[in-house]
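Summary of structural features
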Amino acid sequence: MLEVSGLSFHYQPHVPVLTDLTFSVLDGEIVGLLGKNGVGKTTALKLILGLLPLEKGSVCLGNYSLDLHPMQYKKQMNYVSDSHDIYNNLTGKEYLNFIADMYEVPSETRSKIYTPLIEAFQVEKYLNSPIKKLSHGTKQKIAVIASLVNDPLLWVLDEPMTGLDVEAVQVLKELIQSRAAHGKSVLFSSHILEICENLCDKIVIMQAGTLQKTIELRDNPSYISLEDIYLEVVNDVPMDKGFSIKQNNP
Amino acid sequence: MYRWIKVFQLSKTIRKIHFSFLNFRYKLKERPDTYVIVLTCFVLSIAGVFYYYYFQMLGQLYDGLSELGLGDLFCRLALFAAAMILSIVSAFLLINIFCFSKDIEHLLLFPVRPCDIFTGKYITVIMFCYGIELLLLLPACIIQTQYMGDSSAVITYISAAAILPHIVVFPLAVFVTICLKIAMLLKRMRIMLAVTGIMVYFAGALIGVLLSNGQTGAERDLLNRVHDLIVPFPFYNSYIRFHPGLKLFCIILAAVFIGVYYYLSHLVIGEKYAIYDKEGRIRIKAVKYNSSSKLRSYFKKEYQTFFRNPVYVINGLFGIFITPFLLPLSFRISADAENIEQIRALVSAPEFSFYAVLFALAVIVLTSAINVVASSSFSREGASFWIMKIIPYSLKRQAFVKALFSTSISIMGIIINCSIFKVYFNYSFIQIGIISFVGILFAVLWNLIGVFIDMKRPKLEWTNEAEAIKQNVNVVFSILLCIAISIGYFFAAAKMLQNGFAAGGIITFLSCSVCILILLVCKGIASHQE
């Protein structure tokens with residue numbers, strides 16, 4: 001279980017990007033991070049991943065804190081970036097092997113993990129080509145495959161569907177659901193509300209660097225779309241429908 | 001006229017893309033950053049010291065030449081040196097700006113012709129050369145004007161400086177443009193063709209010079225040979241006799257060169273231009289996954305990402321592999337067979353053998369100091385830096401592997417250097433052993449310093465890989481720091497020699513002090529926060 005508490009961060013003095021951000025992702029839960037552009041979603045993800053130094057607050061995954069046990073923490077999670085920036089001069093196979101080596105995954109295990117994923121995403125024929133020659137979508141597929149080599153407790157995805165074809169989006173959705181079914185957590189940010197609505201158990205809506213609302217989607221009546229809820233929360237319009245919304249920062 | 005305005009606007013944009021340090025003025029508008037202030041002061045002070053010595057050196061050269069009654073040779077020598085430096089710099093700039101850069105893919109989206117973009121790039125190279133010329137020739141111009149007491153030297157320098165970059169860059173640019181056109185027609189990698197074109201051009205020029213020197217007769221004295229060798233540009237002898245007014249008029253040639261390049265590039269490239277990279281062959285074969293240790297895997301990754309990128313190979317290895325070859329080449333040009341035999345005898349003579357070791361060590365230490373592989377190791381990660389942060393392999397360990405990788409490259413340079421010292425200068429095996437041992441210690445230190453500096457503040461935002469090396473302030477900082485430490489060591493060694501220290505004592509001092517510095521830098525890297 002991921003516990004984020006009291007996360008604050010600023011790039012420039014006196015201009016906070018995040019202020020006291022607190023939320024959790026339970027085991028087997030799929031959580032979507034939503035918010036307008038520039039509210040601090042990516043910064044929050046970067047802090048959770050350890051890409052930025054923690055200034056205030058704490059991030060814990062299971063028994064390990066990012067601050068105190070960074071290596072154990074990192075071993076339990078993995079990430080898919082939205083930028084498609086992976087080692088361009090390696091071939092797909094070399095990249096997959098490199099990531100597996102870094103997570104100390106034995107040869108037999110990595111073969112068991114990678115083979116079905118490679119088949120599902122149909123990337124066999126690209127594995128011996130340099131990554132720089134591949135399309136954005138294929139790079140993203142390889143990044144997704146590599147990110148599952150350590151069977152992470154927490155899988156973080158930043159705009160994961162960008163550049164993927166329809167079949168690959170379907171495979172990715174199934175993967176996310178299957179991981180949750182096996183008790184693993186998934187946290188992802190997306191602007192596509194439909195995907196969040198179909199996949200997520202919980203939506204975390206951020207505004208001005210802080211948590212605005214947490215929405216338990218399972219509790220909501222099926223006839224009301226996430227879009228309505230999101231727009232209502234973000235635009236601060238009073239709501240008279242029967243949604244289950246937890247107001248974190250009243 | 002509108003077309004030319006567009007070309008110059010394009011050139012301005014290309015300058016901003018390729019020379020991000022020109023955007024330094026924006027930093028000044030922001031709140032002063034301690035790092036930027038300290039770094040600027042350090043770089044400026046070091047540059048100031050170098051420039052001061054450069055000024056003094058030129059003054060002494062002029063005095064020496066004047067005493068020999070060769071004052072006229074000074075201008076010729078200064079222009080020749082500038083032309084040589086511009087040849088090397090412009091070759092690199094042309095490869096970087098014309099071939100490595102992918103900006104043309106974006107610029108072609110605008111309603112401009114390929115020749116507009118190419119001319120913009122040509123002007124960018126020329127402007128950079130003008131900047132270098134200003135630094136190189138201004139002291140020479142001041143010294144000569146001061147001694148001659150009239151303004152004719154100023155006019156000579158201004159007009160020569162205006163046309164010199166064009167004389168150097170124009171043929172190279174035309175060669176590269178033709179190579180790019182061939183690459184487009186063949187749908188092949190443009191970099192290899194352009195580099196080959198430049199090498200063919202230089203090889204042709206060198207053969208031309210050697211053949212023309214061969215016809216001059218054996219009885220000619222050294223002075224005449226030097227005089228014949230240092231020709232800054234064609235028709236220099238006629239040019240120098242021109243009336244000052246005519247020399248000023250020659251400046252117009254700069255515009256003529258730009259115009260000619262514009263029409264030539266239009267003629268060569270035509271209306272359409274496209275970039276093709278080599279198609280990656282898709283080879284389907286059984287996928288096997290072999291595990292290896294983190295250290296081995298990371299080292300392999302470093303090796304693969306570096307050597308598969310021609311930008312890194314050309315920019316990163318130039319200093320290490322070219323410098324060793326320059327040494328025998330310079331001896332070859334300046335000394336005859338008899339002199340070389342004398343040098344070999346000196347190297348093996350007991351009273352001079354230690355001095356020979358120190359000289360070789362100085363060459364190796366300085367060659368290792370200009371190694372840019374370590375000081376750009378984190379910056380080269382660029383946008384994929386996030387992978388380094390998320391993998392469960394601590395950043396300090398990654399830094400040590402990067403230092404190991406860059407040291408392995410430095411060691412390759414040391415091996416080449418030692419081979420040249422052994423084969424060409426006849427150093428003994430004991431001498432080579434001492435040189436290799438101390439040289440490797442220095443190489444380890446320089447690489448650790450480079451990695452440590454780049455680790456603290458890597459330059460991760462770049463569009464062209466060359467920026468990670470060539471426009472990286474960490475690289476400059478690291479080189480300057482390593483050279484400053486080297487100079488300190490040279491003074492210390494000289495002082496010890498004067499005070500009669502034994503050779504073993506000096507070598508022990510060098511080795512031990514470098515080991516202490518290595519430990520200190522290692523401690524610095526190990527204390528890095530995750």
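This structure is a prediction, so every number in the text was calculated from the model and none was measured.

When helices and strands are tallied, chain B shows 22 helices and zero strands. A total of 530 residues make up chain B; the buried ones form 33% of that total. Taking contacts inside chain B between residues at least 6 apart in sequence as the whole, the part at least 24 apart equals 85%.

Along the backbone of chain A there are eight helices and eleven strands. Taking 2.2 N^0.38 as the reference for a compact globule, 250 residues should give roughly 18 Å; the C-alpha atoms of chain A span a radius of gyration of 18 Å, in line with that estimate. Considered along the principal axes of its C-alpha atoms, chain A spans approximately 55 × 40 × 30 Å. Within the span of chain A, comprising 250 residues, buried residues form 46% of the whole. Of all intrachain contacts in chain A linking residues separated by at least 6 positions in sequence, the fraction that spans at least 24 positions is 70%.

Within a regular strand, side chains alternate between the sheet's two faces. Residue and element names in this part refer to chain A. Direction of pairing for strand 1 (residues 2-12) relative to strand 4 (residues 56-61): antiparallel, over a ladder of five bridges. Within the sheet, the bridge partner assigned to Glu3 lies in strand 4 and is Cys60. With two bridges connecting them, strand 4 and strand 5 (residues 64-65) associate as antiparallel partners. Bridged to Cys60 within strand 5 is Ser65. Count of turn residues in the strand 4/strand 5 antiparallel hairpin: two residues, of which Gly62 carries a positive phi of about 65°.

In this section: helix 13 (residues 294-307) of chain B. Residue and element names in this part refer to chain B. Compared with an ideal rise of 1.5 Å per residue, which puts 14 residues at 20 Å, helix 13 spans 20 Å between its outermost C-alpha atoms and is within 8% of the ideal. Those residues of helix 13 not exposed but buried are Ser297, Tyr298, Lys301, Glu302 and Thr305. Down the axis of helix 13, the buried set is contained in an arc of 140°. They therefore lie on one face.

Residues and elements named next belong to chain A. With seven bridges joining them, strand 1 and strand 2 (residues 15-25) adopt antiparallel strand pairing. By the bridge assignment for strand 2, Gln12 is matched with Val15. Between strand 1 and strand 2, which pair antiparallel one after the other, the connecting turn spans two residues, and His14 there sits at a positive phi close to 65°.

A separate point is the domain arrangement of chain B. Reports often express the size of an interface as the amount of accessible area lost when the parts come together. All names here are of chain B. Partitioning chain B into structural domains gives domain 1 (2-269) and domain 2 (294-526). When contributions to the side of domain 1 that touches domain 2 are tallied by element, the ones reaching two or more residues are helix 3 (34-67) and helix 4 (71-100). At four residues, the largest contribution of residues to the side of domain 1 that touches domain 2 is made by helix 3. Of the residues contributing to the side of domain 1 that touches domain 2, the split by class is nine nonpolar, three polar and no charged.

Core analysis: the biggest nonpolar cluster contains 106 residues, and Leu94, Val125, Leu164, Val176, Ala194, Ile435 and Leu448 of chain B have the highest contact counts within it. Of the residues that make up this core, three or more belong to each of domain 1 (2-269) and domain 2 (294-526) of chain B. Excluding residues within four positions of it along the chain, Leu448 of chain B makes contact with Ala403, Ile518, Val521, Cys522 and Ile525 of chain B. Counting 86 residues, the second largest nonpolar core, distinct from the first, contains Leu33, Leu117, Leu134 and Leu157 of chain A.

The next thing to look at is the environment of Phe55 of chain B. All names here are of chain B. In this structure, Phe55 sits in helix 3. Among the residues examined, Phe55 registers 15 C-beta atoms within 10 Å and is labelled partly exposed. For the pair formed by Phe55 and Glu67, sequence separation is twelve residues and the distance between their alpha carbons is 19 Å.

Here we take up the interface of chain A and chain B. On the chain B side, the residues contacting the 37 residues of chain A number 29 residues. Residue contributions to the side of chain A that touches chain B peak at seven residues, all from helix 3 (residues 92-102) of chain A. Taken together, the residues of the side of chain A that touches chain B break down into 18 nonpolar, nine polar and ten charged.

Here we take up helix 8 (residues 226-235) of chain A. Residue and element names in this part refer to chain A. Every buried residue of helix 8 is accounted for by Leu226, Ile229, Tyr230 and Val233. Angular distribution of buried residues about the axis of helix 8 spans 95°; they occupy a single face of the element. Opposite the buried face of helix 8, at more than 90 degrees from it, the exposed residues are Glu227, Leu231 and Asn235. Tucked into the core, helix 8 has its buried residues touching strand 3 (30-35), helix 7 (193-199), strand 9 (202-207) and strand 10 (210-216).

One non-glycine residue, Gln122 of chain A, adopts positive backbone phi at about 55°. By the C-beta count within 10 Å, which is 14 here, Gln122 of chain A ends up partly exposed. In this model, Asn426 of chain B sits at a positive phi of 60°, which is unusual for a non-glycine residue. Structurally, the position occupied by Asn426 of chain B is in the loop between helix 18 (395-423) and helix 19 (429-456). Accessibility expressed as a C-beta count within 10 Å gives 17 for Asn426 of chain B, which makes it partly exposed.

Neighbouring strands of a sheet are bound in pairs by backbone hydrogen bonds; such pairs are parallel or else antiparallel. Residues and elements named next belong to chain A. A sheet is described by the order of its strands in space; here four strands give the open sequence 2-1-4-5, paired in antiparallel fashion. In the strand order of this sheet, the two ends are held by strand 2 and strand 5, each with one partner. Contacts from helix 1 (residues 41-49) reach strand 1, strand 2 and strand 4 within the one sheet, and its direction differs from that of strand 1 by about 120°.

Scored by pLDDT, chain A has a mean of 85; 91% of the residues are at 70 or more. Per-element mean pLDDT across chain A ranges from 50 in strand 11 (residues 245-247) of chain A up to 93 in helix 5 (residues 136-146) of chain A.

Here the focus is the domain arrangement of chain A. All names here are of chain A. Considered domain by domain, chain A is made up of domain 1 (2-76 + 153-247) and domain 2 (84-151). Placing a centre on the C-alpha atoms of domain 1 and another on those of domain 2 gives a separation of 25 Å. Along the lines of polarity and charge, the residues of the side of domain 1 that touches domain 2 split into five nonpolar, two polar and two charged.

Moving on, we come to the packing of helix 19 of chain B against helix 22 (residues 503-526) of chain B. Residues and elements named next belong to chain B. Running from amino to carboxyl end, helix 19 crosses helix 22 at an angle of 25°, the nearest separation of the two axes being 9 Å. Taken together, helix 19 and helix 22 sit at an angle that is classed as roughly parallel. Of the two elements, helix 19 crosses helix 22, and the hand of that crossing is left-handed. Each of Ile434, Val438, Leu441, Phe442, Val444, Leu445, Leu448, Ile449, Val451, Phe452 and Met455 in helix 19 lies in contact with helix 22, whose residues at this interface are Ile507, Leu510, Ser511, Val514, Cys515, Leu517, Ile518, Val521, Cys522, Gly524 and Ile525. The class makeup of the residues in the contact of helix 19 with helix 22 is 20 nonpolar, two polar and no charged.

To continue, consider the confidence of the model for chain B. Here chain B averages 83 in pLDDT, while 88% of its residues score no lower than 70. Complex prediction metrics read pTM 0.74 and ipTM 0.83.

Residue and element names in this part refer to chain A. Assignment of secondary structure puts Gly62 in the loop between strand 4 and strand 5. In the structure, Gly62 is positioned 125 residues away from Leu187 in sequence and 15 Å away in space, judged by C-alpha atoms. Aside from chain neighbours lying at most four places away, what touches Gly62 is Met1, Gln76 and Leu153.

Residues and elements named next belong to chain B. Packing of helix 19 against helix 21 (residues 473-498) leaves a shortest axis separation of 9 Å and a crossing angle of 145°. As for the relative orientation of helix 19 and helix 21, their crossing is right-handed in sense. Residues Trp446, Ile449, Gly450, Ile453 and Asp454 of helix 19 lie in contact with helix 21, whose contacting residues are Asn474, Phe477, Ser478, Leu481 and Cys482.

Cut-offs and rules
- Residues numbered from 1 in each chain as written.
- Chains lettered and ligands numbered in written order.
- Predicted model: local features only at pLDDT ≥ 70, side-chain atom pairs only at ≥ 80, totals over all residues.
- Helix = DSSP H or I, 4+ residues; strand = E, 2+ residues; numbered from the N terminus.
- Buried ≥ 20, exposed ≤ 12 C-beta atoms within 10 Å, placed from the backbone.
- Contact = placed C-beta atoms within 7 Å.
- Rg over C-alpha atoms; globule rule 2.2 N^0.38 Å.
- Pairing = 2+ DSSP bridges.
- Expected span 1.5 Å × (residues − 1).
- Arc of directions from axis to C-beta.
- Domains from an automatic or database assignment.
- Nonpolar A, V, L, I, M, F, W, Y, C, P; charged D, E, K, R; others polar.
- Core = buried A, V, L, I, M, F, W, Y, C linked by C-beta atoms within 7 Å.
- Axes fitted to C-alpha atoms, helices over the stretch in contact; angles between N-to-C directions.
- pLDDT = per-residue confidence, 0-100.
- Parallel < 35°, antiparallel > 145°, perpendicular 65-115°, else oblique.
- Left-handed = near helix turned anticlockwise from the far one by under 90°.

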